[in-house]
Amino acid sequence: MDQKAKKTNEASRAKNLVSRTQKNDPAQLINSPVDHIPFLQHVFGNKMVQRLVQTNFKSRFAQVQAKKSVPEAQKHLLSLQHLLGNKAVQRQVLQTKNDRPKTPEEQLRDELDDIFVDEAACLRYIGQLDPATMTRVKKDKWMLGRMARAFNAREMMEAIQRLMLELKWAIYWLDRAGEADNIGNKGYDTLISAATAGDVARLIGWKGALNVVKDNYAGNPLTMFPPLVADNPMLVHVFGAYRHYINWILEYPGAQQLLRFLVKHNPSGMIDALDKSGRWTPFLNKLPKGMGLMPPDKTALFTLFNSTKDVNKQVKLFEIRFNVEAKSGTTWQPKGLKRTWEMLNMLPASDVEGNPNLKKIYRGGKGATKGLATQWASGKAHVGYWYEEANLKQKDVGVYSDPADIMYNMNIFDGVVIHEIGHTVDGYEGKFSKKYCPTVPGGGWRWHTAQTAVDAMIAASPWPSSKAWTNAIKGKARQACINTATSHTKVETEANALDKKGNLWNMIKNQQVAQAIEPAFSTEAPWMNHGAQKKFGNRYYHESDPGEWFSYLSARYDAKLSKYQFKNPGDWFAETYTCYYITVDPSNPQSKDAGKNVPEPIKTWFRQNVARTTPPPGAKKAGP
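Predicted model, so just to flag it, every value in this text is computed and none were measured. (Residues numbered from 1 in each chain as written. Predicted model: local features only at pLDDT ≥ 70, side-chain atom pairs only at ≥ 80, totals over all residues. Heavy atoms only, no water.)

Asker: What is the right way to read the overall build of the protein chain from this model?
Answerer: Within the protein chain, the regular secondary structure consists of 34 helices and seven strands. Per-residue burial over the protein chain gives 46% buried out of 624 residues. Looking at the protein chain alone, contacts between residues at least 24 apart form 63% of all its contacts between residues at least 6 apart. Here the protein chain has roughly 31,400 Å² of accessible surface; of this, 51% comes from carbon and sulfur atoms. (Helix = DSSP H or I, 4+ residues; strand = E, 2+ residues; numbered from the N terminus. Buried < 20%, exposed > 50% of the residue type's maximum accessible area, 1.4 Å probe, protein only. Contact = heavy atoms within 4.5 Å. Areas by Shrake-Rupley, 256 points an atom, 1.4 Å probe, with all protein chains shown as cover.)

Pasting the structure below:
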C-alpha cells in the first residue's frame, strides 16, 4: 500500500472515530430537548408537557416552513411522532397549516382544564359564546362541574347569568359549588326574577333543589316566586302536583296566609288543586276557628265557600268559620247553608262563634221552615233548621205574625235562623228572659204548674156562689180542671170520673175556667190561636210545652212583635233578639242598623243589657 492510500485510510478511521465519539458524548445528550421531556412530565403532568411541546412545535414548524428546509422539518416531525403519536401530530400539523385560532368554547375548555384556572378569562369566553354553543355548554356537566370547583359565589352567579341556566340548574350548580348559602336573598331574587313560571314550577317539582332554596332563602314561599304568583294556571298545577311545597307553606307562613292567598288566585281551581295533592284537609286542620279568625280570614272563608259546589267542603268551611259542628243527618242544601252563614255572620261574634254553649248547627230536615234549639243543663246547645230551598225567600204574612205586628212580612228563614241563636244567647237558665220578662215592658210573665195556673184562673174567674156550689162541688170542679191540665184529657172526662152521674160536668161545662183549659194546651199552639184563649182579669194563661204553664199581661200582647213572641218567656226574648238584628244588612253589617224596629223601652233595655255584653254587628266583625 502506498503512502497516499495509507494516509487516506487513517483519515477515514479518524473521522469515523470522531463521529462515534460525538454520538456518545454526554454533553450532546444533555443538550437535547427530548431528554428533558420525562422530567417535565414528572413535574407538571402529561397534558401540560403535551401543550408545551405542541406550542414549541407550532413555532418551530412555522420557522422551518419559512426557510423551506424540508429535511429539518422532517427531523422535528419524527421526534414529535415518537413522543406524541401520529394522530396528535397530524392534528397539530393540520391546525398549523390552517392557521385557525381556537374558538371561545375551546379556549374555555382549555382554561377549565388547567390546574390554576383564570376565572376572569373563563367568564370572558362564556360571554363570547354563540347561542348554539351556549346551549351545548349548558348541558356539559364536565365544564359546569369544573366551574363549580373553581368559581366563588360572585363568579358562579355571573357564569349562571351569562349562560342563562334554567332556574333549577342554577340552584343545583350553586349548591355543587358550595355557594348556595353565600348569595343571600338578593342573589335568589335575581335568579327567580329572570325565570318563567314554568321554570319556577320545575324548580318546585325538584324536591332536592327546592330544599336548597328553603334552607338558604329567608322569605315567604308564597310570594318569593313572582313569575309563578302572576300565572294562575301554573299555580293551580303546582298546588295540585307538589305537596312538599304546600307543606313548606303550612310550616311558614302558615294556613292563614295561605287562606288569604288562595282567594286572590283562582280560588275554585286552587281548592281542587289542594284536594288533588291531598293537602286540602291538612290546610283546613291548621286554620284557627271561630274567634281565632281575623276579619280578613272570615271574609276569605266565605269566598272559598262560594268557590266550590262541593257541599261537604262547604260544611267544613262553615264549621271552621263558626266553630261548630255542622254535619247533619239530612244533607244541607247549598243555598240554605249559604243563607245561614250570611245571617250568622251579621250577628255579634260572641253570640255565635264566641258562644261557649253553641256546639252544633245542623239541618233538621225538609218541609215547612222552622227551627229548634235544644239546650241542656250543662250549657251545651244544638240548633237545627228545617227548610226547603224553594222557600228561602218566603215572607211571613200570617204564619208567625199578624198584619199589625212589627215583624209582619219578615223573611221567615232569616228570622228562624236568628231566633234559634237568640235562645242560645239566653241559655238554658234564661239569662235574660228570667230577669226582664217578669217586668211589665217584658210582658209581665209568670211561671206556673198546671195546679197553680188553674188556681190563678179560678181566682180571677171564681166559681158561682149559689147554694148548689158547695165547697165539695167547688173542690171537685177544681180537681177535674187540674187533672185535665196535667194529663191532657178532657174536662168532661175528668168531671165524670169524679161524678159518674154527670152532675158535676153539667155544673162546670159553662164556666170560663173549664172552657179555657183545653184550648190552652201546648198541642193547640195557643200563642198562634190567640182568639180561642180566655182572658182572666188582665192575664192570659196557656201551656207552652207539656207541663210548662205561663201567664202574661194582656196589654203587652196587644203590643207584641209577633204572635210567636208570646209562646213563653224564652221565645219572647228570642223574638226580641230576632227583631233587633233582622234589620241589619247581611252584606254590610252595621251597628246603627240594629234595633230600628224594636219599640221602647225594650230597645233601650236590650241595647244596654244584651247588645252591650255581646258586641253588635260591625264591632270587630267582617261581613260576607
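Asker: For this particular structure, what's the right way to read the sheet that holds strand β1 (residues 358–365)?
Answerer: One key point about sheets: their strands pair by backbone hydrogen bonds, in either a parallel or an antiparallel sense. Pairing is mixed in the open sheet, where three strands are placed in the order β1-β3-β2. Where the open sheet ends on each side, the last strands, each with one partner, are β1 and β2 (370–375). Mean inter-strand twist for the sheet, computed between neighbouring axes without regard to direction, equals 20°. Two elements, β2 and strand β3 (residues 381–386), share six bridges in a ladder whose sense is antiparallel. Paired with L372 across the two strands is G384, which belongs to β3. (Pairing = 2+ DSSP bridges. Axes fitted to C-alpha atoms, helices over the stretch in contact; angles between N-to-C directions.)

Asker: Would you take a moment to explain helix α7 (residues 104–112) for this structure?
Answerer: For an α-helix, 3.6 residues make a turn, and residues three or four places apart therefore share a direction. All of the buried residues along α7 are E105, L108, E111 and L112. Burial along α7 is one-sided: seen end-on, the buried residues are contained in an arc of 130°. For α7, the secondary structure elements touched by its buried residues are α8 (119–127), α9 (131–138) and α10 (141–150). (Arc of directions from axis to C-beta.)

Asker: Please explain the packing of aromatic side chains as it appears in this structure.
Answerer: How two aromatic rings sit relative to each other is given by the distance of their centres and the angle of their planes. Scanning the entire structure with this criterion turns up 45 aromatic pairs. Taking the centre distance of 5.9 Å and the plane angle of 80° together, the rings of F536 and Y541 count as edge-to-face. Residue classification places F536 among the buried positions, given a relative accessible area of 3%. In textbook terms, an aromatic cluster arises when at least three aromatic residues are bridged by ring pairs, as seen for F302, F305, F318, F322, W332, W341, Y385, Y387 and F413. (Phe/Tyr/Trp six-rings, centres within 6.5 Å; stacked < 30°, edge-to-face > 60°.)

Asker: Help me understand helix α23 (residues 311–322) in this model?
Answerer: With twelve residues, α23 should reach 16 Å at 1.5 Å per residue; the first-to-last C-alpha distance of 16 Å fits that figure. Among the residues of α23, those classed as buried are V311, K313, Q314, V315, L317, F318, E319, I320, R321 and F322. Residues of α23 that are buried sit in contact with α20 (267–276), α21 (280–285), α22 (295–306), α24 (334–345) and β1. Its side-chain oxygen 2.9 Å from the backbone nitrogen of N312, D310 forms the N-cap of α23. Count one or two residues on from α23 and you reach N323, which has phi positive near 55°. (Expected span 1.5 Å × (residues − 1). Polar contact = N/O pair within 3.5 Å; in protein donor to acceptor, adjacent residues only side chain to side chain.)

Asker: Is there a simple way to explain unusual backbone geometry in this structure?
Answerer: Peptide bonds are trans in most cases, and residues, glycine excluded, mostly fall at negative phi. That bond from Y252 to P253 is cis: its omega, 15°, falls within 30 degrees of zero. Within the secondary structure layout, P253 lies in the loop between α18 (243–251) and α19 (255–262). Between E600 and the following residue, P601, the backbone shows a cis peptide bond with an omega angle of 5°. With respect to the helices and strands, the residue P601 is situated in the loop between α33 (569–581) and α34 (602–609). At N409, a residue that is not glycine, the phi angle is positive and equals roughly 75°. With respect to the element layout, N409 can be found in the loop between β3 and α25 (412–426).

Asker: Explanation requested: the pattern of salt bridges in the structure shown.
Answerer: In total, this model carries 26 salt bridges according to the counting rule given. Across the salt bridge formed by R321 and E353, the nearest N and O atoms sit 2.9 Å from each other. One end of the pair, R321, is in helix α23; the other, E353, is in the loop between α24 and β1, and 32 residues separate them in sequence. K560 is the salt-bridge partner of D405, the closest N and O atoms lying 2.9 Å from each other. Here D405, found in the loop between β3 and α25, pairs with K560, found in the loop between α32 (554–557) and α33; they are 155 residues apart in sequence, far enough to count as distant. (Salt bridge = Lys/Arg side-chain N within 4 Å of Asp/Glu carboxyl O.)

Asker: I keep staring at the pairing of β1 and nothing clicks. Help me out?
Answerer: Taken residue by residue, a regular strand's side chains alternate between the two faces of the sheet. Counting buried residues in β1 gives six out of eight residues, a clear majority hidden from the surface. The sheet contact formed by β1 and β3 spans six bridges and is parallel. Within the sheet, the bridge partner assigned to K360 lies in β3 and is H382.

Asker: Mind showing me how you'd approach the side chain of E494 here?
Answerer: Mapped onto the elements, E494 comes out in helix α29 (residues 491–498). Buried and unpaired, E494 has K500 as its nearest opposite-charge partner, separated by 10 Å. E494 has contacts with A480, N483, T484, S487 and T489, leaving out every residue within four places of it along the chain. (Lys, Arg positive; Asp, Glu negative; His and termini not counted.)

Asker: When you look at the packing of α7 against α8 in this model, what are you seeing that I'm missing?
Answerer: Each packed pair of helices is defined by two parameters, the angle between the axes and the distance between the axes. For the pair α7 and α8, interaxial distance at closest approach is 9 Å and the crossing angle is 155°. Between α7 and α8, the interaxial angle falls into the category roughly antiparallel. The element α7 and its partner α8 pack so that their crossing is left-handed. Two secondary-structure elements touch here, α7 through P104, Q107, L108, E111 and L112 and α8 through A121, C122, Y125 and I126. (Parallel < 35°, antiparallel > 145°, perpendicular 65-115°, else oblique. Left-handed = near helix turned anticlockwise from the far one by under 90°.)

Asker: Could you clarify how one ought to interpret the environment of A477 in this entry?
Answerer: Relative to the helices and strands, A477 resides in helix α28 (residues 471–487). Put simply, A477 and A514 are 37 residues apart on the chain and 8.5 Å apart in space, counted from C-alpha to C-alpha. Contacts of A477, omitting those with residues within four sequence positions, involve W463, W469, L504 and I508.

Asker: Is there a simple way to explain the sheet that holds strand β7 (residues 548–553) in this structure?
Answerer: Spatial strand order, β4-β7-β6-β5: four strands in an open sheet with antiparallel pairing. With partners counted over all chains shown, the strands left at the sheet margins are β4 (446–448) and β5 (535–536), one partner each. Lying on the sheet, helix α27 (residues 450–460) is in contact with β4, β5, β6 (539–545) and β7; it crosses β4 at an angle near 115°.

Asker: Honestly, the confidence of the model for the protein chain in this entry has me stumped. Any pointers?
Answerer: For residues with low pLDDT, the predicted coordinates do not support detailed interpretation. For the protein chain, per-residue confidence averages 88 on the pLDDT scale, and 83% of positions sit at 70 or higher. Segment residues 64–70: pLDDT under 50, and three contacts once partners within four positions in sequence are set aside and those in other chains are kept. In this model, residues 620–624 is a region of pLDDT below 50 whose contacts with residues beyond four sequence positions or in other chains number 20 contacts. (pLDDT = per-residue confidence, 0-100.)

Asker: I keep staring at the side chain of E575 and nothing clicks. Help me out?
Answerer: With respect to the helices and strands, the residue E575 is situated in helix α33. Of the side chains with opposite charge, K560 comes closest to the buried, unpaired E575, at an N-O distance of 10 Å. A polar contact is formed between the side chain of E575 and the side chain of S562, at a distance of 2.5 Å. Dropping the residues within four chain positions of it, E575 is found in contact with M407, H419, L561, S562, Y564 and Q565.

Asker: Would you mind going over the environment of A485 with me for this structure?
Answerer: Along the chain, A485 turns up in helix α28. Expressed as a C-alpha distance, the spacing of A485 and F521, which sit 36 residues apart in the sequence, is 7.6 Å. If sequence neighbours within four positions are ignored, A485 has contacts with A450, V454, I517, F521, E543 and W549.

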